[in-house]
Amino acid sequence: MSKALETQRTYAIVGTGGCGKTSLAEMLLFQSGVINRLGKVEEGSTTLDYEPEEVKRRGSVQPAFATFEWQKNRHFLIDTPGDNNFIGDIQYLLKGADSAVFVVDAVDGVRPLTKRLWNFVKSAGLPAIVFINKMDRDRADFDMAFNGLSSMLGMRTVLLYMPIGSKQDFKGVVDILGEKAFSFEADGKFSEIPIPADMADEVSMLREATIENIAESDEELMEKYLETGELEPEEIARGLHIGVLKGELVPVVVGSSLENKGGSQLLDTIQNLFPNPMEHAAWEGTEGDTRASDPDAPLAMFAFKTLADPFAGQLTVMRVLSGTLNGETGLRNVNKDESERIGTPLYMVGKESAPARGGVGPGAIIALPKLKMTKTGDTLADEKKPFRLVQPTLPPRLISYALAPKEKGDEDKVYAAVHKLLDEDITLRLSRAEESSDILISGMGQMHIETSVEKAMRRYKCEIELKTPKVPYRETIKGKAQVQGRHKKQSGGRGQFGDCWVEIEGMPHGFGYEFEDAIVGGVIPRQYIPAVDKGIQESAQRGYLAGYPLVDFRAKLYDGSYHNVDSSEMAFKIAGSLALKSAMEKVKPALLEPIVLLSVQIPDEYMGDVIGDLSSRRGKVLGSDSQQGITEIKAHVPMNEVLRYAPDLRSMTGGQGVFTMELTHYEEAPPPVVDRVVAEYQSARD
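Throughout what follows, the structure given in this document is the object of discussion. (Residues numbered from 1 in each chain as written. Predicted model: local features only at pLDDT ≥ 70, side-chain atom pairs only at ≥ 80, totals over all residues. Heavy atoms only, no water.)

### Comments concerning the overall build of the protein
Thinking step 1. On a plain count of helices and strands, the protein comes out with 17 helices and 34 strands.
Thinking step 2. Counting the 686 residues in the protein, one finds 53% classified as buried.
Thinking step 3. Sequence-distant contacts in the protein: of pairs separated by 6 or more residues, those separated by 24 or more amount to 73%.
Thinking step 4. Accessible surface, the protein as shown: approximately 29,900 Å² in total, 47% of it carbon and sulfur. (Helix = DSSP H or I, 4+ residues; strand = E, 2+ residues; numbered from the N terminus. Buried < 20%, exposed > 50% of the residue type's maximum accessible area, 1.4 Å probe, protein only. Contact = heavy atoms within 4.5 Å. Areas by Shrake-Rupley, 256 points an atom, 1.4 Å probe, with all protein chains shown as cover.)

### Let's talk about the sheet that holds strand β29 (residues 513-517)
What links the strands of a sheet is backbone hydrogen bonding, and the strands pair in either a parallel or an antiparallel sense.
Thinking step 1. Pairing in this open sheet of 4 strands is mixed, and the strands run β27-β28-β30-β29 from one edge to the other. Taken across any chain shown, the strands that pair with only one partner, and hence form the sheet edges, are β27 (480-489) and β29. Direction aside, neighbouring strands of the sheet carry axes that sit 25 degrees apart on average.
Thinking step 2. Across 8 bridges, strand β28 (residues 496-506) lies against strand β30 (residues 553-561) in antiparallel orientation. The partner of Val-502 across the bridge, within β30, is Leu-557. (Pairing = 2+ DSSP bridges. Axes fitted to C-alpha atoms, helices over the stretch in contact; angles between N-to-C directions.)

### So, a negative patch on the surface
Thinking step 1. On the surface, Glu-208, Glu-212, Glu-230, Glu-232 and Glu-234 cluster together into a patch of negative charge.
Thinking step 2. Here Glu-208 is to be found in helix α7 (residues 200-215). (Patch = residues over 30% accessible without salt bridge, like charges linked within 9 Å, V, L, I, M, F, W, Y side chains within 5 Å. Salt bridge = Lys/Arg side-chain N within 4 Å of Asp/Glu carboxyl O. Lys, Arg positive; Asp, Glu negative; His and termini not counted. Charge placed at Lys NZ, Arg CZ, Asp CG, Glu CD.)

### Some remarks on the packing of aromatic side chains
Thinking step 1. Here the structure, examined in full by the defined rule, presents 12 aromatic pairs.
Thinking step 2. Where Phe-65 meets Phe-304, the ring centres are 5.8 Å apart and the plane angle is 70 degrees; that geometry is what we call edge-to-face. Of the two residues, Phe-65 sits in strand β2 (residues 64-70) while Phe-304 sits in strand β14 (residues 300-309), which places them 239 residues apart along the sequence.
Thinking step 3. What makes Phe-65 buried here is its relative accessible area of 3%.
Thinking step 4. Relative to Phe-553, the ring of Tyr-513 has its centre 5.0 Å away and its plane inclined at 55 degrees; by these criteria the two rings are tilted. (Phe/Tyr/Trp six-rings, centres within 6.5 Å; stacked < 30°, edge-to-face > 60°.)

### A short note on the environment of Ala-456
Thinking step 1. Note that Ala-456 resides in helix α12 (residues 446-460).
Thinking step 2. Considering only alpha carbons, one finds Ala-456 and Glu-248, 208 residues apart in sequence, at a separation of 44 Å.
Thinking step 3. In this view, Ala-456 contacts Ala-417, Val-418, Leu-421, Lys-461, Cys-462 and Ile-464; residues no more than four positions away in its chain are not counted.

### Focus: the environment of Val-600
Thinking step 1. Relative to the helices and strands, Val-600 resides in strand β31 (residues 588-603).
Thinking step 2. Sequence-wise, Val-600 and Glu-185 are 415 residues apart; in three dimensions their C-alpha atoms are separated by 44 Å.
Thinking step 3. Beyond its immediate stretch of four places on either side in the chain, Val-600 contacts Val-610, Thr-631, Glu-632, Ile-633, Tyr-645, Leu-649, Val-658 and Phe-659.

### So, the pattern of salt bridges
Thinking step 1. The final tally for this structure, using the stated rule, is 34 salt bridges.
Thinking step 2. The partner of Glu-424 in a salt bridge is Arg-459, with the nearest N and O atoms 2.4 Å apart. In this pair, Glu-424 sits in the loop between α11 (411-419) and β23 (429-432) while Arg-459 sits in helix α12, placing the two residues 35 residues apart along the sequence.
Thinking step 3. Among the ionic pairs, Arg-676 bridges to Glu-680, the shortest N-O distance being 3.5 Å. Taken together, the residues span about one helical turn, with Arg-676 and Glu-680 both in helix α17 (residues 671-685) at a distance of 4 residues.
Thinking step 4. Classification of Arg-676 as partly exposed rests on a relative accessible area of 31%.

Take a look at the structure:
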């Protein structure tokens, strides 16, 4: 087992949407012989983008997995989505990998989302290789893309392969360290050629700079290099491997995945430089314990993704953290403290799967069908040697929409259909709005939610409409009033009587609600006082201006009267409700609107447009910070103004802007907003 693990590689392909990750994975599968023809994203024929929603939008909406062999060495590959709408769980996906192939587009270079994704890779502590893709495209600019890696992402790059030509003339690569050149042939193969004469001097300079960078990763090598000015090939290879494992060096390979150019060079680089699973740092547990990535350690596996398979049912995708899985067995779900029976583990290639033969050790990515208790984020471990992996943190959801059935009465069917998606997409959240009873679906962006609803309708045969949800406004009080709430009803037999005097006073934003019992002398019996409080609170939930909950006020019960026979808790509850209604007619009510903290990352050239747009949305810019061509703007903006911000930002920045937002506080709404919200409320009631 250890011998096979030494040559095993487990890695994620990471990059922005449109940079060619899935096409790159397709090229690697073709080069390794797993598939016999290259599929194309534009034609919906790739192995890893197989969901109908992916074929329709020509891009990944969920991760895909593949297992294959390269030069008789096993590789496990995770193809991660690159669109900002679908990367909410990327930290879970990176838990399954030992390293990352980071893809950069030779046309667009480093974008704001590129920087965000690179930060995820760095925070996960993964060694990386950069693949500069699309060298065959019309606007390909290798120097721009390569220089951006260091200037904008802070990478310490090591160029291993330099392109020969670009755009339609991209025809080969130069192996910098090997001082060789290769020409690509029509079928994806290549042949060795002399280094072009016009590149010889540059290649020589790059080789010297590359060896110097490699030497700096190891003190012993650095001493020798300073003394002799040269290193042996095996020393260069060892130093490069050490630098990559430490995360200090990032090798760079170039190619064109769509034209099947550069796949062999990338696979060789992966095999030579990426760590094997036994070189992974010890896994951290929730109890402060650790678990070595060792095939002889107790068995532990982490569920980092759940997929719905139309034939096999639910598949739980797991990374073997430690130990060796040999066939069917029983393990403990440590998160839920329940036993779980493990069936035959499966190796995946897109939507296809096959039983894993022999023992499955650390670093393996497997799918387990029909687990009863295990969900994404759970750890399965040996019952006698439990271990629970620390879970990554999910980012806040950015946007919510209301779900409604096209046919009345189908609310439960809609809720059930969407609820089934939650297991496989942990970045979705389903809830009900207290004020409107709307079914709310929250996610990472408009496209994320629309795609999820499409999937639910397709799978579970239901018709769903998406509506912009009600903004969670609040109402409050300005001023103070002393009011009477009196409820008296006599209709034969026992009547109803409740009488209370309450002082209602508005309080500062964020105060909440407070009830003070100031009754003396027993003018209201003790058992009825909580009913007054409850009546005030229930009335506050219905609001006064526009039906939104009333907040930030204090109610002081100081007087009242009762009847020995007719008084009851219900009567005093109604009296409390009437008291608040009477107070709202005397004090000045106000509408509070939710304010979000919006953080926008854009290329510098769009800064003026974005700030101007935020101002038009009544936003208050808190500041901006520009680093290496990317500006981050932070602003407080009313939530109502940014419910559909994603498509607007995409339009303003040519798809290069990304943002996050979170609710921070409430502020008093200006009169035009109040008038509009009240009018909408009145219209809905009519």
